[in-house]
Amino acid sequence: MGTSRISLDNPKLLSQLSDDDFQAALLEGVSRTFALTIPQLPVPLYRAVANAYLLCRIVDTIEDEVSLSAQQKAYFCNEFIEVVRTGDNSEPFAVELAPLLSEQTIAAEHTLIHLLPRVIQITHSFEGEQVAALSDCVKTMAAGMPIFQAQNLHNGLATLADMDRYCYYVAGCVGEMLTRLFCHYSPDIARHRTELLELSVAFGQGLQMTNILKDIWDDAGRGVCWLPQDIFTETGFDLKDIRTANACPAFTTGLERLIGIAHAHLRKALDYTLLLPAHDTGLRNFCLWAIGMAVLTLCKIKQNLNFTASEQVKITRNSVKTTIIATKLMGRSNLLLNVLFNWTSRGLATPGWSYPISSSKANPDF
């Protein structure tokens, strides 16, 4: 842990580490959550998934960089797709992008971009099926995210289907990529490939919707809203007035309905996890910890619908520890995991309400 922090301040030293230590150090810098969960995976999966997260974080860095225009973001995303696909031109790409990053981009992401060629080198050390899974995910994410970044997001997205589509580009495609890696790793898992791929999109959507709900007010401060207008129009609230939404019953009703939708996605995420072999505890922990933390976050939001900042609904370290302990104790039992999920998430559903558009139309054509 300490070595990771020191290395991030010294890219030259970081580049001298082994591939595993190199990726672990970067993960620790850019995401403590994933630095905690990804090492739970078996070693062959850990290397590929850690690399996949770093690739996705590079796309996020491009998309979040305030100094880049929409045209520049689209350009760098398209270039990065080719860098990941071919393994070529990673050095000139990093040299071109790095100087354009502003101080608003965290230091660890500056380091990640500087060391991008090493990340790509690791990508192309994997087997062909693994490289294809990572490359396809980056292509989907990097081609899809600029579509939304170019829109006026002050007043939210038009429909829940649009929100679903955004969540797919940001997280659903990651779920598909992980599933392909899991199936490559294990013939037992590959037997459920079709069902897992279908559930993986809901898994990603549930996690991303939770992040969107948690970050409503942080995003609003940047002039961005990822909420769907149609959900709130039905309750009588106009998202253009979101800055005055606190304690507004029409707004909190819409928020409760989105919590219910996110909860339904996380239920499918659990179904996904229960299809993984019970003896693969590392794989199950990787999924269960993410689900558990998302459910607890939704519970905090539901209990504090008038929150005004993400910090107010951030789960505590004790909650994270409790999630880890509980899933380790029950992780092999599908029955106990169902009981734990139902008990923990009680009250998140929205009885007596359903989305007014049929699910087949609400879901985008992926």
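Residues numbered from 1 in each chain as written. Predicted model: local features only at pLDDT ≥ 70, side-chain atom pairs only at ≥ 80, totals over all residues. Heavy atoms only, no water.

Closest axis-to-axis distance for the helix H3 (residues 19–30)/helix H8 (residues 107–114) pair is 8 Å, and the angle between their directions is 145 degrees. Here H3 runs over H8; the crossing is left-handed. Between H3 and H8, the contacting residues are Leu-26, Gly-29 and Val-30 on the first element and Ala-108, Glu-109, Thr-111 and Leu-112 on the second. Looking at the contact of H3 with H8 residue by residue, the class counts come to four nonpolar, two polar and one charged. (Axes fitted to C-alpha atoms, helices over the stretch in contact; angles between N-to-C directions. Helix = DSSP H or I, 4+ residues; strand = E, 2+ residues; numbered from the N terminus. Left-handed = near helix turned anticlockwise from the far one by under 90°. Contact = heavy atoms within 4.5 Å. Nonpolar A, V, L, I, M, F, W, Y, C, P; charged D, E, K, R; others polar.)

Turning next to the environment of Gln-151. Considering the arrangement of structural elements, one finds Gln-151 in the loop between helix H10 (128–149) and helix H11 (160–185). On the basis of relative accessibility, which here comes to 38%, the residue Gln-151 falls in the partly exposed class. The spatial distance from the C-alpha of Gln-151 to the C-alpha of Ala-70 is 9.5 Å, given a sequence separation of 81 residues. (Buried < 20%, exposed > 50% of the residue type's maximum accessible area, 1.4 Å probe, protein only.)

Attention now goes to the packing of helix H5 (residues 43–64) against H8. Packing of H5 against H8 brings their axes to within 10 Å, and their N-to-C directions diverge by 110 degrees. Classed by the angle they form, the pair H5 and H8 counts as roughly perpendicular. In the packing of H5 onto H8, the handedness of the crossing is left-handed. Contacts between H5 and H8 involve Leu-54, Arg-57, Ile-58 and Thr-61 from the first element and Glu-109, Leu-112 and Ile-113 from the second. (Parallel < 35°, antiparallel > 145°, perpendicular 65-115°, else oblique.)

Time to look at the confidence of the model for the protein chain. Looking at the protein chain as a whole, its pLDDT mean stands at 90, while 95% of the residues score no less than 70. A low-confidence stretch, residues 1–6 (pLDDT under 50), is modelled with seven contacts involving residues beyond four sequence positions or located in other chains. Predicted confidence is poor over residues 357–366, with pLDDT under 50, and the contacts of this stretch with residues over four places away or in other chains come to 14 contacts. (pLDDT = per-residue confidence, 0-100.)

Our next topic: the side chain of Gln-23. Summarising the element assignment, Gln-23 is placed in helix H3. Among the polar contacts listed, one links the side chain of Gln-23 to the side chain of Asn-51, at a separation of 3.0 Å. When near neighbours in sequence (up to four residues on either side) are disregarded, Gln-23 contacts Tyr-46, Arg-47, Ala-50, Asn-51, Leu-54 and Ile-122. (Polar contact = N/O pair within 3.5 Å; in protein donor to acceptor, adjacent residues only side chain to side chain.)

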